[in-house]
Amino acid sequence: MNDHRDNRYDFKTIEAKWQKIWKDEKSFKTYDDFNRDKYYVLEMFPYPSGKLHMGHVRNYSIGDAIARIKKMQGFNVLHPMGFDSFGLPAENAAIKNNAEPEAWTESNIKEMEQQLDKLGFAYDWDREVSTCRPEYYKWMQWIFIQFYKRGLAYKKENPVNWCPSCKTVLANEQVVNGECERCKSQVGKKNLSQWYLRITDYADRLLADLDKLENWPDKVKIMQRNWIGKSIGAQITFDIVDFSEKLDVFTTRADTLYGVTYMVLAPEHPYVKDLIYGLPEEKAALDYIEEVSHKNDIERSSTVGEKTGVFIGRYAINPINGKEIPIFISDYVLMGYGTGAIMAVPAHDQRDFDFARKFNLEIIPVVDSDDPEIDVNNLSKSFEAEGTIINSGEFNGLDNREAIQKMISCLEAKGIGKKTVNYRLRDWLISRQRYWGTPIPMINCPNCGWVPEKEENLPVLLPKDVEFTGKGESPLATSESFVNCKCPVCGCNAKRELDTMDTFLDSSWYFLRFCDPENEDIPFSKEKTDYWMAVDQYIGGVEHAILHLMYARFFQKVFKDMGLASHDEPFTNLLTQGMVNKDGKKMSKSIGNVVAPDEIITKYGADTARLFILFAAPPEKELDWSDEGVEGSYRFLNRVYRLVSETLKRAHEAKISTDVHYEPVREKLNSDDRELLLVMNAAIKKVTEDAGGRFNFNTAISSIMELVNQCYRYKELAGAKLELLLEAVKTVIILLYPFTPHIAEEMWEGFNMGRMCHVKWPDYDPNALERDQVEIVVQVNGKIKEKLMVDAGLDKDSLEAFVMSNEAVREHIKDKNIVKVIPIPGRLVNIVVK
């Protein structure tokens, strides 16, 4: 805006100009200045799919606004960006298009970098990390080896979904109606030896430390608590008739043990095949096991649909009363949860009740009900087991809560049970039978067993000589140069691990690498992470509330135990932004309601896109896309641009310097001056609090719009002070900068006051927020009759006297008896009459 005569908002020229300047001048370069207060703001880094969507734009616009405000407030701001770039889509593209995953991924990264630059985000690109690059995954492998050395990484067999046609492992989400989503073949189960991380060792700390996270959304903490699922209860041992092994069952309701009338095992339970061997029920049980093998865990865990199962011809013995109870297998019991065996109490659990009804099994209530509509001797459905114990021998008459403890003591005394703590959380299965991931740096030696690669040999690189067929356990198996190696301990011929790591590992520590991205000796310097960590503000979708955030917390605690970090929680504040919808539905290609960011940038500019997406809704709420709202944001920016251009033109014509700060003398200001000053300071206060603290960007932007309106009103006044108007217009630009940086920089340039990124955030003047006069409402019997301007600060008596002396008010109450007058200073006076 060097030419103040041009008030056309040419966003294409403006945005290209400032993006080049910021890049050339490295305006957002961050330095490790340990003497300054820091602020680390981070948005969850994206998978490089090649195209940004509006959810990305919303996420990154929020983070960028925060970063710019904090920098202007004097903080040393770390605001980096990178790419979570390993994953299955690249491998699928390689199979489909006969392209290398690396080339496909790097091409997408380049495209997304260009899109991010077009939006003007203030990233320090010198700190960029990409998880698929060897300089990153070298340290991912190093971290895995440290976990292994500490006993936190181990290998065991576990059943997985297996497609016999594709000859590959499938995630639960890839199994649809028992079929492979790719080839439609029937999916079965297969035992594979896979790597796990022992996250359960940290279950108590992960649970307890949620209380430290005061600035996390409650819903996220609740989801994590439920996922960890700590339960205090009892492990009870059941004998099996004519079988040497025993069944252990965990329950939180030991008080209901007399109500157990059958047991259910997971079809995969290791005892099942021995239990059914040679029995008449063997074939039916094996057929059922085969049927269940085609279901995924999601289908099996569903609470809808008919319960299925088969009796296996065996009986367990209820340890508290010696009764023999039948043993079933059923798909609703999963081997991955608890012990793979449950005791069924059908009177007090609806799932067990439905199963018992279907198979004509006994139903014994063991807690009485106070509900007169429930006949415990003739149940039509289960009911909650809260109340007085019945049908339970010596425990009858006890409150069920008291009975829990007494039952556990009884079991412990008999040696058939013990008080124990159970967790829903399971160790983290990290093996993936894929190519495009971090190779697990383990070697299988015929003499030494599994041993880690020597650290000086890291990274174990992904080989290039692989075949992508979509079949087989892993493309890595097709590379002899990768598979065959020497044992790092004894030197004999050995084989490398063919699995790669779950990509959630890569994203469990990237925020630490951003603190020290060029370190070639260690993953990150403790000195630098002690300065930058924890992340002050983390921003991302609530869909990551459990897995990503849980795993990142787990890694951070391990790093602290290893002496690599001082903080045991990675993220101090968490903001989970809502989805972007259109026509009432989430934007989706399949629905056809997607609005591409490039379309909006081309038609209206990046600043318009950013302004709309921050103004349309509070960040944690869902946002409904509105073409009219985008148009409105664009018109507003044009209006601001004209305001600045016209004001600068006046200043040049009047030969008033624009690069000098104007300090108004309150005594020399008239009421119009004071009103502009008040609105200006109110806007500064509102934006500082709402955008810089509470992150209510919509209300912050609304206050800027009010200031723009006031500037337009003021500049048309005959007695308008140009110096004061200039100050108000400068304030508009400063307050807009975090949201619409390109246009703000362009307008600021007209004042010859340097770059916006070096401007100090303004303070508001509390005295300017006090009006000399305020408008009050006058009511008669609660109905509004007049609105009057009165001196601010009048006490009750003075306010009452002023109102009662007003002629218009006196006209409303003449010939009436005044019962009482209720003055509320600064707001209203209500006169009660008869």
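None of the values given here were measured: they were computed from a predicted structure. (Residues numbered from 1 in each chain as written. Predicted model: local features only at pLDDT ≥ 70, side-chain atom pairs only at ≥ 80, totals over all residues. Heavy atoms only, no water.)

1. Observations concerning unusual backbone geometry
Then, number 1: Each neighbour pair has its own omega, and for Leu458 with Pro459 the value is 5°, a cis peptide bond.
Then, number 2: Mapped onto the elements of the fold, Pro459 is located in the loop between β18 (449-452) and α13 (480-483).
Then, number 3: Following Met533, the chain continues to Ala534 via a peptide bond in cis, the omega torsion being 0°.
Then, number 4: By secondary structure assignment, the location of Ala534 is in the loop between α16 (526-532) and β22 (535-541).
Then, number 5: Notably, Asn177 is not glycine yet its phi reads approximately 55°, a positive angle.
Then, number 6: With respect to the helices, strands and loops of the structure, Asn177 is situated in the loop between β5 (175-176) and β6 (179-180).
Then, number 7: Residue classification places Asn177 among the exposed positions, given a relative accessible area of 64%. (Helix = DSSP H or I, 4+ residues; strand = E, 2+ residues; numbered from the N terminus. Buried < 20%, exposed > 50% of the residue type's maximum accessible area, 1.4 Å probe, protein only.)

2. Some points on the packing of helix α7 (residues 218-228) against helix α17 (residues 547-562)
Then, number 1: Contact pair α7 / α17: the axes reach a minimum separation of 10 Å and the direction vectors enclose 75°. One element, α7, and the other, α17, form an angle in the roughly perpendicular class. Across from Val220, Gln224, Trp227 and Ile228 in α7, the residues of α17 making contact are Leu547, Leu549, Met550 and Arg553.
Then, number 2: Residues belonging to the contact of α7 with α17 are distributed by class as follows: 6 nonpolar, 1 polar and 1 charged. (Axes fitted to C-alpha atoms, helices over the stretch in contact; angles between N-to-C directions. Parallel < 35°, antiparallel > 145°, perpendicular 65-115°, else oblique. Contact = heavy atoms within 4.5 Å. Nonpolar A, V, L, I, M, F, W, Y, C, P; charged D, E, K, R; others polar.)

3. What to know about the sheet that holds strand β26 (residues 623-624)
Then, number 1: Spatially, the 3 strands line up as an open sheet ordered β25-β24-β26, and their pairing is mixed. A strand with exactly one partner marks an edge of an open sheet, and here the two such strands are β25 (585-586) and β26.
Then, number 2: Of the pairings in the sheet, the one linking strand β24 (residues 580-582) to β26 comprises 2 bridges and is parallel in character. What sits directly across from Val580, in β26, is Leu623. (Pairing = 2+ DSSP bridges.)

4. So, the sheet that holds strand β30 (residues 828-833)
Within a sheet, neighbouring strands are paired by backbone hydrogen bonds and run either parallel or antiparallel to one another.
Then, number 1: In space, the 4 strands of this open sheet follow the order β28-β27-β30-β29, with mixed pairing throughout. Across the chains shown, the open sheet's two edge strands, defined by having one partner strand only, are β28 (783-791) and β29 (818-824). Put simply, the sheet's adjacent strands are angled 20° from each other on average, direction ignored.
Then, number 2: Taken together, the 8 bridges between strand β27 (residues 773-780) and β28 define a ladder with antiparallel strand orientation. Following the sheet pairing, Val778 is matched in β28 by Glu786.
Then, number 3: Across the sheet, helix α25 (residues 796-804) is in contact with β27, β28, β29 and β30; its angle to β29 comes to roughly 120°.

5. Quick word on the pattern of salt bridges
Then, number 1: Tallying each qualifying case throughout the model produces 50 salt bridges.
Then, number 2: Between Asp673 and Lys721 there is a salt bridge, with its nearest N and O atoms 2.5 Å apart. Here the residue Asp673 occupies a position in helix α21 (residues 671-694), and Lys721 occupies one in the loop between α22 (697-715) and α23 (722-736), the gap between them amounting to 48 residues.
Then, number 3: Under the relative-accessibility criterion, Asp673 is labelled buried at 0%.
Then, number 4: With relative accessibility at 23%, the residue Lys721 sits in the partly exposed group.
Then, number 5: Ionic contacts of the salt-bridge type, sharing partners, join the residues Asp209, Lys212, Arg553, Lys557, Asp568 and Glu569 into one network. (Salt bridge = Lys/Arg side-chain N within 4 Å of Asp/Glu carboxyl O.)

6. Quick look at a negative patch on the surface
Then, number 1: Together, Asp368, Asp370, Asp371 and Glu373 make up a negatively charged patch on the protein surface.
Then, number 2: Inspection of the secondary structure puts Asp371 in the loop between α11 (350-358) and α12 (400-414).
Then, number 3: By relative accessible area, Asp371 is classed as partly exposed at 35%. (Patch = residues over 30% accessible without salt bridge, like charges linked within 9 Å, V, L, I, M, F, W, Y side chains within 5 Å. Areas by Shrake-Rupley, 256 points an atom, 1.4 Å probe, with all protein chains shown as cover. Lys, Arg positive; Asp, Glu negative; His and termini not counted. Charge placed at Lys NZ, Arg CZ, Asp CG, Glu CD.)

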